[in-house]
Amino acid sequence: MYTAHPDRYADLPYRRSGRSGLKLPALSLGLWHNFGPDRPVETQRAILRRAFDLGITHFDLANNYGPPPGAAESALGEALKADFTPYRDELVVSTKAGYLMWPGPYGEWGSRKSVLSSLDQSLTRMGLDHVDIFYSHRFDPDTPLEETMGALHSAVQQGKALYVGVSNYSAEQTREAARILGELGTPLLIHQPRYSILDRRPEDQRLLDTLDELQVGSIVYSPLEQGLLTGRYLDGIPEDSRAASDSPFLKSDAVTEDLVGRLRALNEIAASRGQTLAQMALAWVLRGGRVTSALVGASSTRQLEDSVGAIRNLEFDADDLARIDAIVKT
């Protein structure tokens, strides 16, 4: 039987999410790609146990994570039952609704019917009576925002979620969502945008400024840019990499000679800081405390441990930041 490490809270820093009372670990574990039936169950369990032992108490999911859709929630449900029942109150479990899950008009997007049905299905797969954070995964242009936010509010009122968030919303959509939720009495806890050294849209589109103004937390996904910032692509495309597969998330033609040159230059800066490229990329999104948490995926415990090593150096001087910007923005 699994027994958690007694010093699991010794090293990883925790950050308060916006103006709420909830603190999240600086690194959270995302169960996006590596928790389906194509991965050995023991490998999945080992990653979850090691994450918790390292102080990563937040497991982030969505209804469609797997593959196939739903598989990650089912895998977590089995792991919770086998290993984490005594530790449920130490865990933050989050999930989302919004992307395609079942046929017909109610199987995706942001209607009340879709959002609340999806949550019920997610709870069943995970064997939980509530999640800690429930997100609207994407803005629905065909559903009034009052309806989608009202569904999130209902999830809290029904005791099926403790907090609510949004993901992939623009700055203005986020501002309006926060206003509606505030009037309902269920504050917007957190936003989950895509953000990395290579993807600056939350800065450029003033989303981070808006979150600061609203005092809403942020947890960023793809901080390693689908593996580009792990160091695996410093010599081109490895045969067993995501870019070499049929993945829709990273195409081989995106890994250009120019990009590889930029990755090598970034890796040199990381080495000068005593970090791997992945560690520097994670430290960069966490710099200054503006981001509450960064989501990391892991296909092995070793990969997870390397990511956690980023917390040993989260500081950047002006020269390092200028050198990184010169590489990325030119």
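Conventions adopted
Residues numbered from 1 in each chain as written. Predicted model: local features only at pLDDT ≥ 70, side-chain atom pairs only at ≥ 80, totals over all residues. Heavy atoms only, no water. Buried < 20%, exposed > 50% of the residue type's maximum accessible area, 1.4 Å probe, protein only. Helix = DSSP H or I, 4+ residues; strand = E, 2+ residues; numbered from the N terminus. Pairing = 2+ DSSP bridges. Polar contact = N/O pair within 3.5 Å; in protein donor to acceptor, adjacent residues only side chain to side chain. Contact = heavy atoms within 4.5 Å. Arc of directions from axis to C-beta. Axes fitted to C-alpha atoms, helices over the stretch in contact; angles between N-to-C directions. Parallel < 35°, antiparallel > 145°, perpendicular 65-115°, else oblique. Left-handed = near helix turned anticlockwise from the far one by under 90°. Nonpolar A, V, L, I, M, F, W, Y, C, P; charged D, E, K, R; others polar.

Draft legend 1. Main features of the pairing of strand 9 (residues 217-220). Side chains Gly 217 and Ile 219 of strand 9 all project onto a buried face; the interleaved residues Ser 218 and Val 220 project onto the opposite face, where all are buried too. Two elements, strand 8 (residues 188-192) and strand 9, share 2 bridges in a ladder whose sense is parallel. Bridge pairing in strand 9 places Ile 190 opposite Gly 217.

Draft legend 2. The arrangement of the side chain of Thr 57 in detail. Relative to the helices and strands, Thr 57 is located in the loop between helix 1 (41-53) and strand 4 (58-60). Judged by relative accessible area, which is 4%, Thr 57 ranks as buried. Looking at Thr 57, its side chain comes within polar contact range of the side chain of Tyr 14, at 3.1 Å. Once you skip the residues sitting within four places of it in the chain, Thr 57 turns out to touch Tyr 9, Tyr 14, Pro 25, Phe 52, Glu 90, Leu 91 and Val 92.

Draft legend 3. Here's a closer look at helix 10 (residues 301-308). Residues of helix 10 that are buried include every one of Leu 304, Ser 307 and Val 308, and no others. On an axial view of helix 10, the arc spanned by its buried residues comes to 100°, and they lie on one face. Contacts made by the buried residues of helix 10 are with strand 3 (27-30), helix 1, helix 9 (277-286) and strand 10 (293-296).

Draft legend 4. Summary view of the sheet that holds strand 8. Ordered in space as 3-4-5-6-7-8-9-10, the 8 strands form a closed barrel in which the pairing is parallel. Averaged over all neighbouring strand pairs, the angle between strand axes comes to 30°, with direction disregarded. Relative to strand 7 (residues 161-167), helix 4 (residues 145-157) is tilted by about 155°, and along the sheet it contacts strand 6 (131-136) and strand 7.

Draft legend 5. Geometry of the packing of helix 3 (residues 112-126) against helix 4. Helix 4 packs onto helix 3 with a crossing angle of 30° between their chain directions and a minimal axis gap of 8 Å. By the angle between their directions, the pair helix 3 and helix 4 is classed as roughly parallel. Both helix 3 and helix 4 take part in a crossing whose hand is right-handed. Touching Arg 112, Val 115, Leu 116 and Leu 119 of helix 3 are Glu 147, Gly 150, Ala 151, Leu 152, Ser 154 and Ala 155, all from helix 4. For the contact of helix 3 with helix 4, a count of residues per class yields 6 nonpolar, 2 polar and 2 charged.

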